[in-house]
Amino acid sequence: MPVPVKDVMRLLCSISDRKKMRVPVQPSDKRGRLAVTGALIGTFLGGPPGLIIGGIFGGLLGAGMKDEPFKPVHQILLQLSQDLRQKLFDKVKAVIWNLDWMDSVELMDLVMRSEQLQRQLVDVLVEFIKTQLKTDVQFDV
């Protein structure tokens with residue numbers, strides 16, 4: 001029975017949430033940009049004193065921003081390009097191909113009740129993330 005790619009992605013998102021899978025994220029340089037932008041705007045509006053005030057204000061805004069060092073795998077899956085989704089789908093198909101199911105709901109139920117199937121799909125997902133996205137996967141406890 002053919003299953004749409006979006007349903008397989010939904011299944012993988014459910015499994016990754018259940019297993020609390022996450023990937024490290026590169027820290028952004030938004031904080032520094034805010035400080036520089038604040039200093040520039042302050043300079044234009046208030047001259048040299050505005051440079052100091054704008055830099056302080058931009059720095060405080062940047063300091064208040066919270067960068068998460070990790071991102072849940074389900075967010076990564078939702079942001080994949082169509083080409084990468086298809087590659088992942090093809091790998092998942094090898095695991096679910098021999099299962100006896102009629103529709104996507106039944107497939108999801110079958111997988112979510114089987115720890116072995118979940119483990120196989122997690123292994124596929126981890127390998128895909130390591131090879132295609134060049135990053136590691138961590139599991140929260």
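Notes on the structure follow. (Residues numbered from 1 in each chain as written. Predicted model: local features only at pLDDT ≥ 70, side-chain atom pairs only at ≥ 80, totals over all residues. Heavy atoms only, no water.)

### Section: the side chain of Q118
Point 1. Summarising the element assignment, Q118 is placed in helix α6 (residues 115-132).
Point 2. Judged by relative accessible area, Q118 falls into the buried class, the value being 0%.
Point 3. Among the polar contacts listed, one links the side chain of Q118 to the backbone oxygen of V111, at a separation of 3.4 Å.
Point 4. Every residue in contact with Q118, bar those within four places of it in the chain, is listed here: I15, R18, K19, V111, M112 and R113. (Helix = DSSP H or I, 4+ residues; strand = E, 2+ residues; numbered from the N terminus. Buried < 20%, exposed > 50% of the residue type's maximum accessible area, 1.4 Å probe, protein only. Polar contact = N/O pair within 3.5 Å; in protein donor to acceptor, adjacent residues only side chain to side chain. Contact = heavy atoms within 4.5 Å.)

### Points about the packing of aromatic side chains
Point 1. In the structure shown here, the tally under the stated rule is 0 aromatic pairs.
Point 2. Stacked on the ring of F70, the Lys or Arg R22 has its end atom at 3.8 Å from the ring centre. (Phe/Tyr/Trp six-rings, centres within 6.5 Å; stacked < 30°, edge-to-face > 60°. Lys NZ or Arg CZ within 6 Å of the ring centre and 35° of its normal.)

### Quick notes on the pairing of strand β1 (residues 21-24)
Point 1. Where burial is concerned, the two faces of β1 differ: the one with M21 and V23 is buried and the one with R22 and P24 is not.
Point 2. By the bridge criterion, 2 bridges tie β1 to strand β3 (residues 138-139) in an arrangement that is antiparallel. Following the sheet pairing, R22 is matched in β3 by Q138. (Pairing = 2+ DSSP bridges.)

### What about the environment of K19?
Point 1. Inspection of the secondary structure assignment puts K19 in the loop between α1 (5-18) and β1.
Point 2. For K19, a relative accessible area of 22% puts it in the partly exposed group.
Point 3. C-alpha separation for the pair K19 and Q138, spaced 119 residues apart in sequence, amounts to 9.7 Å.
Point 4. For K19, the residues in contact, after removing those within four places along its chain, are E115, Q118, V122, F139 and D140.

Nothing here speaks to function; it is all geometry.
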